[in-house]
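# Summary of the model geometry
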Number of protein chains: 2
Amino acid sequence: MQHITASDIDAMEQRYRAHFINGLSGYKSANLIGTQDTQGNTNLAIVSSVFHLGANPPLMGMIVRPHSVPRHTLENLLATGCYSINHVTEAIYQAAHQTSARYPQSTSEFAACGLTPHEIPDFAAPLVQESPIQMGLELVSTQTLVNGTELVIGEIKHIVIQKQAIQSDGFIDIEQLGTVALSSLDSYHSAKRLNRLSYAKPDKTPEAIALNGEPLTD
Amino acid sequence: MQHITASDIDAMEQRYRAHFINGLSGYKSANLIGTQDTQGNTNLAIVSSVFHLGANPPLMGMIVRPHSVPRHTLENLLATGCYSINHVTEAIYQAAHQTSARYPQSTSEFAACGLTPHEIPDFAAPLVQESPIQMGLELVSTQTLVNGTELVIGEIKHIVIQKQAIQSDGFIDIEQLGTVALSSLDSYHSAKRLNRLSYAKPDKTPEAIALNGEPLTD
């Protein structure tokens, strides 16, 4: 095992450090963020920083770097108060990655990358037609964190989902939907279930449970 | 495709909603958080909310629910100013899951779950010996978010890592290390690389690149 210290990290070449530190948190979600400006011009950006914040109310957080490619995303969601989050799948991960290119603001990443805006009534952000889980969120708050990144919190108002993936206990089989995971800046992964595990209690070891949450029978 | 609205979510049974909403963000990182109190009693908790916040300085965020099992984690890191983040792997995911049982505060989850504290000099939190990526962080800030959860931000000061996983451009092959991903509350997944993709530019389509970031040769 190698022990790397703060001064070792500080001495790393910038690009090397970006790859390295981005790999340390583990697997990340891969989502496309859909927005539009007040003229209705659409924008689409891949982000790896969407995270669950709470189920009731249903809240999601994400981190946006103001000077990075998703800056148009931030401008748009502040202007309209809403945005969409859409799962990246094996079928669209290359197109999703391409949204991170620095297109001019006048170019829609939907058209440039071959993805289709899905409009829903009374909601001022495009969802992604090709995604098996599309969500429409209303902006709750934004705030600048210690390193200048923005924490964006939104509440889920709409979910468009392939319903066969929803199990009887509410669990969603995102493997079945082809959802991918990211590691570091540019590595895309499919996933293979090891197990769902039973609710942990001090006096028993966790057991594998069925996909629908029921005990496994022999 | 099924369209689920805010009122549908509101009407869901509580446990169903927890599984369902937790599945919507996609794959999550799986990490063990190691802390100790001011008497040196160790604590270990699995969290699925660790996320990358920045590479320079190297910052990680995580979300902790004050009234959930990791509340001892929060108390300890506030008392000592430090904590560890350790990758959960295929070899230890059942033990890691078991740390979420509601043990009494006097019980160390290390002993109860069969994991080994790894102490490093001048650092008041235990790392996890069995983990191939162990990190020691100093607390930067905590703040309460809109739904009462706590956002904890820390700076990475120590990394103990199996160095053969580090590629020449800084990319870490976390598949090789057996790192797992989580979905929803209790589903553990191994990962299989689709590809690393080249840096996206407007005038070209992304290409698969080698594990070390170099172009693939035919």
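Figured I'd write up the structure that's included with this text.

### A word on the packing of aromatic side chains
Following the criterion strictly, the structure yields five aromatic pairs over all chains and no others. Seen from their ring centres, F51(A) and F51(B) are 4.3 Å apart, and the 10 degrees between their planes marks the pair as stacked. With one member in each of two chains, F51(A) in strand β5 (residues 51-55) and F51(B) in strand β5 (residues 51-55) form a pair that bridges those chains. Taken as a pair, F51(A) and F51(B) share a single burial class, namely buried. Seen from their ring centres, Y93(B) and Y188(B) are 5.2 Å apart, and the 45 degrees between their planes marks the pair as tilted. Taken together, the positions of Y93(B) in helix α4 (residues 93-98) and Y188(B) in strand β13 (residues 187-197) put the pair 95 residues apart, joining distant regions of the chain. As far as the burial class goes, Y93(B) and Y188(B) line up, both buried. In this structure, R196(B) is placed above the aromatic ring of F171(B), and the distance from its NZ or CZ to the ring centre is 4.2 Å.

### Details of the relation of the copies chain B and chain A
In the superposition of chain B on chain A (RMSD 0.0 Å, axial shift 0.0 Å), the rotation amounts to 180 degrees. Such a combination of turn and shift is consistent with a two-fold rotation axis. Closest approach to the rotation axis within chain B is made by the C-alpha atom of A191(B), at a distance of 2.2 Å. Counting the interface residues of chain B, we find that 100% of their copies in chain A are interface residues as well, pointing to one common contact surface.

### Let's talk about helix α2 (residues 14-23) of chain B
Most of α2(B) is tucked away, with seven of its ten residues classed as buried. You can read the cap of α2(B) off the contacts: a side-chain oxygen lies 3.1 Å from the backbone nitrogen of R15(B), and it is on E13(B).

### Quick word on empty space enclosed by the protein
All names here are of chain B. Scanning the model with the defined rule gives one cavity of 30 Å³ or more in all. Approximately 50 Å³ is the volume found for the largest cavity. Contributions of two or more residues to the lining of the largest cavity are made by β4 (42-47) and α3 (71-80). A class-by-class count of the residues in the lining of the largest cavity yields no nonpolar, six polar and one charged.

### Some words on unusual backbone geometry
Note the cis peptide between N56(A) and P57(A), where omega equals 5 degrees. Relative to the helices and strands, P57(A) is located in the loop between β5 and β6 (58-64). Although it is not a glycine, D122(A) adopts a positive phi angle of roughly 60 degrees. Position of D122(A) relative to the elements: it lies in the loop between β8 (117-118) and β9 (127-128). Judged by relative accessible area, D122(A) falls into the exposed class, the value being 83%. Despite not being glycine, S184(B) has its phi angle at roughly 50 degrees, a positive value. Structurally, S184(B) is set in the loop between β12 (181-183) and β13. For S184(B), a relative accessible area of 2% corresponds to the buried category.

### Things to note about the interface of chain B and chain A
If you look at the interface, chain B gives 102 residues, while chain A gives 102 residues. Both faces considered, chain B and chain A share a buried interface measuring about 8700 Å² in area, 63% of it formed by carbon and sulfur atoms. Our count for the chain B to chain A interface comes out at two salt bridges. A salt bridge links R196(B) to D186(A); its shortest N-O distance comes to 2.8 Å. For the pair chain B and chain A, the interface holds 45 residue pairs in polar contact (both at pLDDT 80 or more). Ranked by residues supplied to the side of chain B that touches chain A, first place goes to β13(B) with eleven residues.

### Points about the nonpolar core
Counting residues in hydrophobic clusters, the biggest one holds 62 residues, and the most contacted among them are F20(A), L24(A), F20(B) and L24(B). Discounting residues that sit within four places of it in the chain, F20(A) has contacts with I4(A), M12(A), I159(B), I161(B), I166(B), G170(B) and I172(B).

### Observations concerning the environment of Q94(B)
Tracing the backbone through its elements, the reader meets Q94(B) in helix α4. As a C-alpha pair, Q94(B) and Y188(B) span 94 residues in sequence and 9.3 Å in three-dimensional space. Sequence-distant contacts of Q94(B), that is, excluding residues within four places in its chain, are made with L197(A) and P206(A).

Scoring rules and cut-offs
Residues numbered from 1 in each chain as written. Chains lettered and ligands numbered in written order. Predicted model: local features only at pLDDT ≥ 70, side-chain atom pairs only at ≥ 80, totals over all residues. Heavy atoms only, no water. Phe/Tyr/Trp six-rings, centres within 6.5 Å; stacked < 30°, edge-to-face > 60°. Helix = DSSP H or I, 4+ residues; strand = E, 2+ residues; numbered from the N terminus. Buried < 20%, exposed > 50% of the residue type's maximum accessible area, 1.4 Å probe, protein only. Lys NZ or Arg CZ within 6 Å of the ring centre and 35° of its normal. Least-squares fit on C-alpha atoms with pLDDT ≥ 70 in both. Contact = heavy atoms within 4.5 Å. Polar contact = N/O pair within 3.5 Å; in protein donor to acceptor, adjacent residues only side chain to side chain. 1 Å grid on protein atoms, 1.4 Å probe; cavity = no way out; pocket = protein on both sides within 12 Å on 5 of 7 lines; lining within 4 Å. Points joined across faces, edges and corners; volume = space filled by probe spheres on them. Nonpolar A, V, L, I, M, F, W, Y, C, P; charged D, E, K, R; others polar. Buried area = accessible area lost by both parts, 1.4 Å probe. Salt bridge = Lys/Arg side-chain N within 4 Å of Asp/Glu carboxyl O. Core = buried A, V, L, I, M, F, W, Y, C linked by side-chain atoms within 4.5 Å.

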